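# A structural walkthrough
Each chain, written out:
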Amino acid sequence: MAALLLVYVLLCSVLFTLWLPGPETAYRLDQDLLLPLGLLGTLAALLARRGAEGRTRWAWTGMLAAHLTLVAALIAESLHVHLGGPVREDGPVADLLFALISPPMVAGLLLLPSAPALARDRLKLVIDVLTLALAAGMAGWAGLVRWPQEAAARWGLPLPPLGPDKLAQLAGGLVFVVLGALVLLAPATPRTVRPARWLLFAGFLFGLSVLVFETPLGQLPALQTHKLLSVSGWALAELCFVLAALRQWQDATRRADLLLDNGALLSAALPYGALITLYLLFFASFPGDLRMREWSAAACFTATLLMLTRQGLVIHENVQIGVALRERTLALEESDRRKDELLTALAHQARHDALTGLLGRAAFTAHLEAAVRQASLTGEGLAVLFVDLDGFKAVNDTLGHAAGDALLREVAVRLRGAVPPPGLVARLSGDEFTALLPGLGGQEAERVAQAIIKGLSRPYLLAGRQAGVTGSVGLSVYPADATDADTLLGHADTAMYHAKARGKNAWRAYTPEMDPAAGIGPLLRGAAGRGEFTLHYQPQFDTLGRRVLALEALLRWTHPELGPVDPGRFIPVAEDSGLIVEIGAWVLDEACRQNAAWQRAGLAPVRVAVNVSPAQLAREAFAAEVGDTLRRHALAGTWLELEVTERLALREVERAVAVLREVRRLGVRVALDDFGQGHSSLGHLAHLPLDVLKVDRALIQDLGRAAQADRVTQAVVALGRGLGLEVVAEGVETPAQLAAAAALGCERTQGFLLGRPLPAAEIEPHLRLEAGQKPIQEGA
């Protein structure tokens with residue numbers, strides 16, 4: 001609306017002037033038109049200043065001061081005329097005020113913010129402006145002074161000498177050129193400033209056109225009526241300023257911060273165009289004016305030096321850009337290389353054992369499945385050996401874990417030597433190893449088993465002492481014993497246990513009579529009802545090892561005749577026979593009952609973690625069963641944590657996600673156990689509704705042994721923390737591992753160093769010690 005009003009005032013004033021022609025009318029138009037425009041410009045500058053911040057606010061403050069001075073000068077000029085002064089003269093006060101307009105205006109323009117620039121870029125800007133000023137000065141002097149003088153002398157026109165006022169106009173025109181160049185060539189500016197700069201530049205063009213027009217015509221008395229065009233030009237220049245101020249005020253309210261390009265091609269072309277103009281002036285005119293040619297030559301020489309300097313800066317800039325691009329490329333390549341190394345390390349860690357360099361469980365299973373498929377096509381046989389060390393725990397207890405690690409590495413070397421190619425050797429966990437013998441039948445596999453027994457029975461030199469460790473080996477053969485990978489491996493494991501039962505340091509081949517389902521399977525049925533099951537609780541501490549944060553409930557079975565049965569033997573049997581659902585329900589009920597009893601006794605409330613099998617989660621009613629158990633024992637869901645294994649993350653993900661979400665609605669937390677044992681779960685980790693990530697003990701126990709193993713463990717912990725999960729370090733057995741877990745940012749630690757699994761009665765002293773401290777809050 002303000003812009004339309006200004007256009008309306010301008011048109012009305014021009015029409016009024018044409019209706020009352022005459023030289024006096026044109027001069028009175030200074031007061032009739034420019035004073036209202038000056039007032040509007042002052043108001044617009046005030047609005048722009050109120051909507052600006054930082055340097056922009058100071059810039060519009062300077063331009064507001066310039067317009068206040070302009071209004072004062074126009075008022076002084078009007079008073080001078082109305083008080084009887086000459087119409088064609090401004091008066092001394094008005095002249096002084098007009099002279100004072102430039103300083104605040106120049107300061108405001110220079111304060112308009114621009115994009116951050118290097119010192120080199122600022123020097124280039126100065127060179128460009130100086131070059132344009134040289135060209136404008138020479139062209140202005142030639143076009144506005146020398147050529148009119150020559151034309152007046154040639155045609156006999158009365159041309160008075162060039163007075164101070166006309167010299168001031170020439171100097172003002174040069175100032176307009178410099179300011180316009182600063183506005184036009186400034187580096188990329190904020191979006192809120194760029195439109196205002198272009199409008200101000202247009203105003204400079206209008207002002208410069210007035211000065212260019214007035215200088216030659218003002219010296220001819222017969223053409224004094226040109227004042228109308230002069231006033232119109234100043235009005236248009238003021239109109240551009242008003243529009244620039246209003247645009248700045250509107251854009252500032254939107255607070256746009258993007259940087260835009262400010263005509264890079266034009267900025268680069270203008271200085272060279274100015275240099276060409278100088279050379280054209282030198283060669284095209286003043287053949288007899290030696291002084292003018294000298295000044296032209298000096299200007300050309302100076303501009304050439306400036307352009308050479310500028311070109312040197314451009315070359316230097318290009319070299320720096322090239323160097324920066326090369327450095328950036330090398331940095332990206334180095335980053336990609338490190339990422340590849342990390343991915344390779346992660347893949348290697350997922351497939352190989354970090355301590356021995358042998359294949360890991362997941363990789364061995366994949367090779368075994370592929371070998372079974374190949375054997376089914378070719379009709380060839382294959383054998384699987386399961387190896388377990390005899391006396392390994394004694395080495396760890398007497399000589400230390402470092403000696404135990406050295407023993408495992410030496411065992412790996414001996415196994416590789418005993419297994420002929422293309423056989424494969426893997427470390428499953430702890431002191432358990434397996435070997436795959438493709439293309440070998442029973443007799444050949446038996447000879448390999450005998451070679452393994454012989455090789456492992458040789459003495460070991462550990463920590464300067466000789467140690468005797470033997471091995472027990474179980475053997476199963478495809479297709480006589482089984483036709484699938486899992487059963488083959490399970491039968492070899494069963495045969496190995498029978499070898500241990502025969503006195504160890506021996507090997508046994510699998511027979512159907514060894515079937516665990518036929519042995520301990522029937523004994524498992526009804527064991528819970530007979531009171532043969534108990535729960536042991538292993539504490540989980542903070543990383544300082546001082547405060548119990550949680551307990552993990554671990555199932556133990558003591559048979560009246562067999563005695564204590566290792567969970568590694570009866571849990572797989574329970575899963576295969578389907579008894580795991582019944583046993584898991586008993587474990588959940590007993591853990592909740594015991595925890596509720598502890599809380600009623602006034603012991604420190606603590607969260608108890610219970611392991612859940614995939615078979616339990618496959619039941620649609622599992623979440624309801626958990627809720628019923630909690631209500632039956634009056635236990636809040638926040639004190640229960642369910643642990644699912646990594647195998648769950650590899651199958652039946654959609655069903656597991658739905659069930660676990662229902663469980664979490666009860667306040668129960670969900671943990672992923674043994675993470676890092678395989679590699680396929682990485683793709684499903686983000687989809688499972690988890691609260692806790694338990695880092696596999698193999699990763700924790702490898703800390704400090706190799707830099708690559710440390711990086712892999714760090715990546716796993718960082719992955720869990722990045723997903724917002726609480727991280728638990730399993731298998732902490734040394735102070736160094738505890739310190740490393742704390743340094744990695746694990747919230748909880750669990751292992752033999754801090755506490756072994758204990759019966760409920762023996763774990764109570766820990767809780768009594770905690771009872772005097774602040775209870776663990778939900779989400780701890």
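Presented here is an overview of the structure given in this document. (Residues numbered from 1 in each chain as written. Predicted model: local features only at pLDDT ≥ 70, side-chain atom pairs only at ≥ 80, totals over all residues. Heavy atoms only, no water.)

What follows is about a nonpolar patch on the surface. The grouping of Phe301, Leu305 and Leu308 at the surface amounts to a nonpolar patch, some 330 Å² of accessible area in total. As for its position among the elements, Phe301 is in helix H11 (residues 290-351). (Patch = residues over 30% accessible without salt bridge, like charges linked within 9 Å, V, L, I, M, F, W, Y side chains within 5 Å. Areas by Shrake-Rupley, 256 points an atom, 1.4 Å probe, with all protein chains shown as cover. Salt bridge = Lys/Arg side-chain N within 4 Å of Asp/Glu carboxyl O. Helix = DSSP H or I, 4+ residues; strand = E, 2+ residues; numbered from the N terminus.)

Looking now at the nonpolar core. Leu524, Tyr537, Leu551, Leu640 and Leu642 are the most contacted members of the largest nonpolar core, which has 71 residues in total. Ranked by residues supplied to this core, first place goes to helix H20 (residues 580-600) with 7 residues. Not counting residues within four places of it along the chain, the set of residues in contact with Leu640 comprises Leu588, Cys592, Arg607, Val608, Val610, Val626, Leu630, Val668 and Arg669. Core analysis: the next-biggest nonpolar cluster, separate from the first, contains 34 residues, Leu389, Ile452, Ile453 and Val477 among them. (Core = buried A, V, L, I, M, F, W, Y, C linked by side-chain atoms within 4.5 Å. Buried < 20%, exposed > 50% of the residue type's maximum accessible area, 1.4 Å probe, protein only. Contact = heavy atoms within 4.5 Å.)

Okay, the pairing of strand E9 (residues 548-559) next. Counting buried positions over the 12 residues of E9 gives 10, a clear majority of the element. Pairing of strand E8 (residues 533-541) with E9, which is carried by 9 bridges, proceeds in the antiparallel orientation. Residue Gln540 lies in a different strand from E9, and its bridge partner there is Ala550. As paired elements, E9 and strand E11 (residues 607-611) share 4 bridges and run parallel to each other. Residue pairing across strands places Leu551 opposite Val608, the latter belonging to E11. Taken together, the 3 bridges between E9 and strand E10 (residues 563-565) define a ladder with antiparallel strand orientation. Note on E10: the bridge partner recorded for Thr558 is Pro564. Here E9 hands over to E10 after 3 residues, the two strands then running antiparallel side by side. (Pairing = 2+ DSSP bridges.)

This brings us to the pattern of salt bridges. Scanning the entire structure with this criterion turns up 18 salt bridges. As a salt-bridge pair, Arg414 and Glu410 come within 3.0 Å of each other at their nearest N and O atoms. Placement of both Arg414 and Glu410 in helix H14 (residues 401-418) is noted, with a separation of 4 residues, approximately one turn of the helix. Here Glu764 and Arg768 are joined by a salt bridge, their closest N and O atoms 3.7 Å apart. Taken together, the positions of Glu764 and Arg768, both in helix H27 (residues 760-771) and 4 residues apart, correspond to about one turn of that helix. The exposure class assigned to Arg768 is exposed, which follows from its relative accessible area of 52%. Each member of the salt-bridge network shares a partner with another, and the members are Glu552, Glu643, Lys694 and Glu730.

On to H20, then. Between its first and last C-alpha atoms H20 spans 30 Å; for 21 residues at 1.5 Å apiece the expected length is 30 Å, and the two agree. Along H20, the residues that are buried comprise Ile580, Ile583, Gly584, Val587, Leu588, Glu590, Ala591, Cys592, Gln594, Asn595, Ala596 and Trp598. Just downstream of H20, Gly602 is the residue with a positive phi angle, here 85°. (Expected span 1.5 Å × (residues − 1).)

What follows is about the side chain of Ser476. Of note, Ser476 is situated in strand E6 (residues 470-478). Engagement of the side chain of Ser476 in a polar contact is seen with the backbone oxygen of Leu488, the distance being 2.7 Å. Non-local contacts of Ser476, meaning those with residues more than four positions away in its chain, are made with Leu382, Ala383, Val384, Asp481, Leu488, His491, Ala492 and Tyr510. (Polar contact = N/O pair within 3.5 Å; in protein donor to acceptor, adjacent residues only side chain to side chain.)

What follows concerns the packing of H14 against helix H15 (residues 442-456). Two numbers describe how H14 lies on H15: the axes approach to 9 Å, and their chain directions differ by 150°. Seen along the crossing, H14 lies across H15 with a hand that is right-handed. Two secondary-structure elements touch here, H14 through Val411, Arg414, Leu415 and Ala418 and H15 through Val448, Ala451, Ile452, Gly455 and Leu456. Residues that form the contact of H14 with H15 fall into these classes: 7 nonpolar, 1 polar and 1 charged. (Axes fitted to C-alpha atoms, helices over the stretch in contact; angles between N-to-C directions. Left-handed = near helix turned anticlockwise from the far one by under 90°. Nonpolar A, V, L, I, M, F, W, Y, C, P; charged D, E, K, R; others polar.)

This part covers the sheet that holds strand E3 (residues 432-438). An order of E2-E3-E1-E6-E7 is seen for the 5 strands of this open sheet, with the pairing classed as mixed. Unpaired on one side and paired on the other, strand E2 (424-429) and strand E7 (507-509) mark the two borders of the sheet. Ignoring which end each strand starts from, the neighbouring axes of this sheet average 20° apart. Inspection of the sheet shows strand E1 (residues 382-390) paired to E6 by 9 bridges, in the antiparallel sense. Counted as the bridge partner of Leu385 is Leu475 from E6.

That's the geometry; what it means functionally is another story.
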